[in-house]
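Secondary and tertiary structure notes
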Amino acid sequence: MTLCYIVAMRAEAQPFIEEYGLELKENFFAPLPCMLYEGEVNGSRLCVVLNGAQHNSDLVGCEAASVATVKAIEAIRPDLIINSGTCGAFQSQGAEIAKVYIGNGAMFHDRRVPGDDAWATQSVGNYDVWQGSRQLAKALGMPMAKVTTGSSLDMQAIDLEIINRHGGQLKDMEGAAVAFVCSLYQVPVLFVKSVTDLCDHSADTFETFSRNLHAASQALRNANKRIIEHLTLHA
Ligand code: ADE
């Protein structure tokens with residue numbers, strides 16, 4: 001089995017790259033900035049693809065995530081794509097800093113296309129996740145929630161309205177883009193998201209995100225370790 005992680009920020013991936021001693025495959029995606037780390041766990045191939053960097057910062061957002069996912073699927077032919085990263089979530093729904101969730105769906109909350117149902121449906125996306133996600137979450141005792149993706153760290157009133165209308169819970173900047181590409185290739189996608197900030201509580205999102213990034217990334221490593229062991233031992 002081949003598992004392929006798509007991760008936006010190095011800080012989010014580094015703890016489990018180190019945990020498994022994954023090796024950098026130099027220039028694998030050249031000339032693109034995406035980076036491949038690779039290793040073997042319990043007889044399965046484990047790949048971690050980072051979006052890479054530009055302007056001296058890790059590439060976050062839908063465009064970079066889409067490019068990385070296309071290239072990863074074409075070059076690695078994974079059995080499962082796993083999008084792992086941090087997110088904002090809602091304290092009113094029980095979210096806490098560094099709590100880790102498995103995704104049960106993915107939507108966009110900042111693509112507003114007026115018109116008929118078909119355009120609205122395409123804009124929001126509402127992509128399915130890997131059918132084994134629920135069983136995995138149950139086996140590991142992890143909560144599930146719906147990923148909602150937009151191109152901004154902040155949240156405008158119209159974003160919240162769409163999030164509420166479609167039941168979004170885990171606000172990130174890549175998930176639905178990864179799910180979109182996976183839907184085109186018919187490759188299953190699993191989401192693992194760790195909370196850095198509370199959208200209905202944090203005063204300054206960027207400051208809160210930055211302060212909690214380390215703790216959320218450690219929690220991601222611990223969760224991903226359990227997930228990788230489970231998936232590779234039950235393959
Ligand atoms: N990643 C971490 N926190 C986020 C937030 N509040 N919005 C979008 N992406 C995030």
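Located above this text is the structure these notes cover.
What this report covers is the structure whose coordinates are included nearby. (Residues numbered from 1 in each chain as written. Predicted model: local features only at pLDDT ≥ 70, side-chain atom pairs only at ≥ 80, totals over all residues. Heavy atoms only, no water.)

Some details on the site of the ligand
Taken together, Thr86, Cys87, Gly88, Ser152, Leu153, Lys171, Asp172, Met173, Thr196, Asp197, Thr205 and Phe209 make up the full set of residues near the ligand. Gly88 is positioned such that a nitrogen or oxygen atom in its backbone is 3.2 Å from a nitrogen atom of the ligand. Between the ligand and Asp197, the relevant distance is 2.6 Å, taken from a nitrogen atom to a side-chain nitrogen or oxygen of the residue. Contact with the protein chains hides 95% of the accessible area of the ligand, taken as 260 Å² for the molecule alone. Comparing atom positions with the cavity grids shows the ligand to sit within the largest pocket. Contributions of two or more residues to the shell around the ligand are made by strand E7 (80-89), strand E10 (170-172), strand E11 (189-198) and helix H7 (205-233). In terms of residue count, the dominant contributor to the shell around the ligand is E7 (3 residues). Residues that form the shell around the ligand fall into these classes: 4 nonpolar, 5 polar and 3 charged. (Near = heavy atom within 4 Å. Polar contact = N/O pair within 3.5 Å; in protein donor to acceptor, adjacent residues only side chain to side chain. Areas by Shrake-Rupley, 256 points an atom, 1.4 Å probe, with all protein chains shown as cover. 1 Å grid on protein atoms, 1.4 Å probe; cavity = no way out; pocket = protein on both sides within 12 Å on 5 of 7 lines; lining within 4 Å. Sits in = over half its atoms within 2 Å of the grid points. Helix = DSSP H or I, 4+ residues; strand = E, 2+ residues; numbered from the N terminus. Nonpolar A, V, L, I, M, F, W, Y, C, P; charged D, E, K, R; others polar.)

Notes on the pattern of salt bridges
Taken as a whole and judged by the stated rule, the model has 6 salt bridges. The closest approach of N and O atoms between Lys225 and Glu19, which form a salt bridge, is 3.3 Å. Note that Lys225 is positioned in helix H7 and Glu19 in helix H1 (residues 10-19), a separation of 206 residues in sequence. For Arg165, the salt bridge identified is with Glu161, shortest N-O distance 3.2 Å. Taken together, the residues span about one helical turn, with Arg165 and Glu161 both in helix H5 (residues 157-166) at a distance of 4 residues. (Salt bridge = Lys/Arg side-chain N within 4 Å of Asp/Glu carboxyl O.)

Quick look at the packing of helix H2 (residues 62-76) against helix H6 (residues 175-185)
Here H2 crosses H6 at 35°, and the two axes come no closer than 8 Å. Along this stretch, H2 crosses H6, giving a crossing that reads as right-handed. Seen from H2, the contacting residues are Cys62, Ala65, Ser66, Thr69, Val70, Ile73 and Glu74; seen from H6, they are Ala177, Val178, Val181, Cys182 and Tyr185. Taken together, the residues of the contact of H2 with H6 sort by class into 9 nonpolar, 2 polar and 1 charged. (Axes fitted to C-alpha atoms, helices over the stretch in contact; angles between N-to-C directions. Left-handed = near helix turned anticlockwise from the far one by under 90°. Contact = heavy atoms within 4.5 Å.)

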